[in-house]
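Structure assessment
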Amino acid sequence: MTEPSHPEPVLPGDADARPEPGVRVVVMGPSGSGKSAVGLALAQRLGLPFVDADDLHPAANVTKMAAGIPLDDDDRMPWLDVVAATLHDASGGAVMACSALARRYRDRIRAGAAGVVFVELRVPQDELARRMGSREHFMPSSLLASQLRTLEHLEPDEPGVVVAGDPPLADVVDAAAAALERLQSLR
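Residues numbered from 1 in each chain as written. Predicted model: local features only at pLDDT ≥ 70, side-chain atom pairs only at ≥ 80, totals over all residues. Heavy atoms only, no water.

The next subject is the pairing of strand β3 (residues 94–97). Neither face of β3 is exposed, since Ala94 and Met96 on one face and Val95 and Ala97 on the opposite face are all buried. Sheet analysis places strand β1 (residues 24–28) next to β3, joined by four bridges and oriented parallel. By the bridge assignment, valine 26 is partnered in β3 with methionine 96. Examined bridge by bridge, strand β2 (residues 50–52) and β3 share three bridges and lie parallel to one another. Its bridge partner lying in β3, valine 51 is registered against methionine 96. (Buried < 20%, exposed > 50% of the residue type's maximum accessible area, 1.4 Å probe, protein only. Helix = DSSP H or I, 4+ residues; strand = E, 2+ residues; numbered from the N terminus. Pairing = 2+ DSSP bridges.)

Moving on: the pairing of strand β4 (residues 116–122). Two faces make up the sheet, and in a regular strand the side chains alternate between them. In terms of burial, β4 is largely enclosed, as seven of its seven residues are buried. Here β4 shows a buried face lined by Val116, Phe118, Glu120 and Arg122 and a second buried face lined by Val117, Val119 and Leu121. Judged from the five bridges that link them, β1 and β4 form a sheet pairing that is parallel. Residue pairing for β4: arginine 24 is matched across the bridge by valine 116.

Turning to the sheet that holds strand β5 (residues 160–164), a few remarks are in order. Adjacent strands of a sheet pair through backbone hydrogen bonds, lying either parallel or antiparallel. Taken in spatial order, the five strands line up as β2-β3-β1-β4-β5 in an open sheet, and their pairing is parallel. Looking at which strands have only one partner, the edges of the open sheet turn out to be β2 and β5. The sheet shows a mean angle of 20° between the axes of neighbouring strands, direction not considered. Contacts between helix α1 (residues 35–46) and the sheet are confined to β1, β2, β3 and β4, with β1 contributing the most and set at about 155° to the helix. Here helix α3 (residues 73–89) sits on the sheet in contact with β1, β2, β3 and β4, set at roughly 165° to β3. (Axes fitted to C-alpha atoms, helices over the stretch in contact; angles between N-to-C directions. Contact = heavy atoms within 4.5 Å.)

Don't take any of this as a statement about function, it's just geometry.
This is the structure:
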């Protein structure tokens, strides 16, 4: 299994930059990549509400993951529909932390919520494992290998940006905000 490659560094942008009205951002990556921490801080920076997709899982999914059993598409697709509906209903915009590991999952989200932009956090595998081993979460670190097998990095034709997720939190948020600002300016 190869470690995720580090993306090119992103230069910090205007810390007070505001997104376009109604922008919907999904901070994505495998467990331990920092989606929740980065998503919350990015939402605060952008003045948008934050939602953690972990809170949208049905109890059966949480039970399955807590038992060390990876989710399959039959488990994930209904959950992704809830994720998409939540983003769709956020008419003023929102930031969501969601693994969105595979392109078909991102496509499912985009099908239910127009204008979604992804921020992929790339973190080396050994750092992911270290983080997962040092936190309390319903997903055990034994599921990391399954998540990395499922992971399909953002493709160039997908709306989104890639940032390194292992620098300090403030630096990751700066990089994500600057990359999103550049992406908006290209539209």
